[in-house]
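Single-letter residue listing:
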Amino acid sequence: MARSDRAFVQTVSGPAFFPFFYLGAKHMVTGYDHILFLLGVILLLRAFRDVVLYVSMFTIGHSTTLLLGVLTGIGANAHIVDAIIGLSVVYKGVDNLGGFARLGLHPDQRLVILVFGLFHGLGLATKLIDLAMPANGLLTNLVAFNLGVETGQILVLLPLVALLGLVRSAASFTSAARLTSALLVACGLIIMFQQTSEYIAS
C-alpha cells in the first residue's frame with residue numbers, strides 16, 4: 001500500500017465508505033500478484049460460466065479471510081503469506097501446462113482456488129491489521145474496502161476475459177497459452193524467492 005494511502009488510513013476516525021472503496025479497488029488493480037493468479041485461473045477456461053464459478057470460489061476465499069482476519073485481529077507474517085501467494089501463481093502455471101495431470105494428479109480446482117483465495121485474503125487482512133485501523137467505523141470501512149477489491153477484480157477480469165475470447169480461436173493460442181503459463185511459473189518463483197529472502201532478513 002502506498003505511503004500516502006497508509007497515512008490516510010491511520011488518520012481516519014469513523015466511517016469513510018468511498019475512500020476505503022477506492023483503496024480496495026486500487027489495491028486489486030495494482031496488485032500484480034493477484035492479477036497473475038487470476039490470469040492463470042481464467043487462461044484456459046472456455047465457458048463464461050466456468051469463469052464465474054472459479055472466480056467466485058476465489059472471491060469467497062479472500063473475502064472470508066479478509067473480513068474475519070481484520071475483525072478478529074488474526075493475521076500472519078506478510079512475507080510468508082506473500083510467498084504462498086507466489087506459490088499460488090506457480091501452481092496455476094504448472095497446472096495449465098499439464099504438469100499435475102502428467103503425474104496422475106487431478107485436484108479439484110474449485111477447492112484449490114478457494115484455498116489459495118483464503119491466503120490472498122489473509123495477505124490483505126495482514127496489511128490492514130498492520131495499519132491499525134481505528135475501531136470507530138471499522139466494519140463499514142472494511143466492507144467498503146472489500147467491495148472495492150471485488151470491483152477492482154471485475155475491472156481487471158473484464159478486459160482479460162474479452163481479450164482471451166478474441167484470441168482463443170487463433171492457431172497460435174495454444175503456444176501463446178503455454179508461454180504465458182511458463183511466465184506465470186517464473187513470476188511466481190520470483191515472488192516466492194523475494195518474499196522468502198525478505199522474511200529471512202527480517
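Just so you know, these numbers come straight off a predicted model, no measurement behind them. (Residues numbered from 1 in each chain as written. Predicted model: local features only at pLDDT ≥ 70, side-chain atom pairs only at ≥ 80, totals over all residues. Heavy atoms only, no water.)

(A) Representation of the layout of surface pockets within the structure. The space that makes up the second largest pocket amounts to roughly 200 Å³. Contributing to the lining of the second largest pocket are Phe48, Val51, Val52, Val55, Ser56, Thr59, Glu150, Gln153, Ile154, Leu157, Leu158 and Val161. Secondary structure elements with two or more residues in the lining of the second largest pocket: α4 (48-72) and α8 (138-167). (1 Å grid on protein atoms, 1.4 Å probe; cavity = no way out; pocket = protein on both sides within 12 Å on 5 of 7 lines; lining within 4 Å. Points joined across faces, edges and corners; volume = space filled by probe spheres on them. Helix = DSSP H or I, 4+ residues; strand = E, 2+ residues; numbered from the N terminus.)

(B) Structural view of the nonpolar core. Phe37, Val41, Ile42 and Ile113 are the most contacted members of the largest nonpolar core, which has 25 residues in total. Of all the secondary-structure elements, those providing two or more residues to this core are α3 (32-42), α4, α5 (78-96), α7 (109-130), α8 and α9 (173-201). Examining the composition of this core, we find that six residues originate from one element, α3, more than from any other. In this structure, Ile113 is in contact with Phe37, Val41, Tyr54, Met57 and Phe58, ignoring residues within four places of it in sequence. (Core = buried A, V, L, I, M, F, W, Y, C linked by side-chain atoms within 4.5 Å. Buried < 20%, exposed > 50% of the residue type's maximum accessible area, 1.4 Å probe, protein only. Contact = heavy atoms within 4.5 Å.)

(C) View of the pattern of salt bridges. All told, the structure shown has three salt bridges when counted by the stated rule. Residue Asp82 is joined to Lys127 by a salt bridge in which the shortest nitrogen-to-oxygen separation is 3.4 Å. Taken together, the positions of Asp82 in helix α5 and Lys127 in helix α7 put the pair 45 residues apart, joining distant regions of the chain. Taking the shortest distance from any N to any O, the salt bridge between Asp108 and Arg110 comes out at 3.1 Å. Given a relative accessible area of 38%, Asp108 falls into the partly exposed group. (Salt bridge = Lys/Arg side-chain N within 4 Å of Asp/Glu carboxyl O.)

(D) Geometry of the packing of α4 against α8. Interhelical geometry of α4 versus α8 gives an angle of 155° and a closest axis separation of 11 Å. Relative to α8, the element α4 is oriented roughly antiparallel. Once α4 is placed against α8, the crossing between them reads as right-handed. Residues Phe48, Val51, Val55, Phe58, Thr59, His62, Ser63, Leu66, Leu67, Val70 and Leu71 of α4 form the contact with α8, whose participating residues are Leu138, Leu139, Leu142, Phe145, Asn146, Val149, Glu150, Gln153, Leu157 and Val161. Taken together, the residues of the contact of α4 with α8 break down into 15 nonpolar, five polar and one charged. (Axes fitted to C-alpha atoms, helices over the stretch in contact; angles between N-to-C directions. Parallel < 35°, antiparallel > 145°, perpendicular 65-115°, else oblique. Left-handed = near helix turned anticlockwise from the far one by under 90°. Nonpolar A, V, L, I, M, F, W, Y, C, P; charged D, E, K, R; others polar.)

(E) Looking closely at the environment of Phe116. Mapped onto the fold, Phe116 is located in helix α7. Linking Phe116 and Asp50, residues 66 residues apart in sequence, is a C-alpha distance of 17 Å. Those residues in contact with Phe116 that sit more than four places away from it in its chain are Phe37, Ile84, Leu87, Ser88 and Tyr91.

(F) Structural detail: the packing of aromatic side chains. This model, assessed by the stated rule, comprises six aromatic pairs. When the ring of Phe37 is compared with that of Phe116, the centres are 6.0 Å apart and the planes differ by 70°; the resulting orientation is edge-to-face. Taken together, the positions of Phe37 in helix α3 and Phe116 in helix α7 put the pair 79 residues apart, joining distant regions of the chain. Of the two residues examined, Phe37 and Phe116, each falls in the buried class. An angle of 50° between the planes, with centres 5.7 Å apart, marks the rings of Tyr91 and Phe116 as tilted. Of this pair, Tyr91 sits in helix α5 while Phe116 sits in helix α7, and the two are 25 residues apart along the sequence. Among the aromatic residues, ring-to-ring pairing joins Phe37, Phe58, Tyr91, Phe100 and Phe116 into one connected group. (Phe/Tyr/Trp six-rings, centres within 6.5 Å; stacked < 30°, edge-to-face > 60°.)

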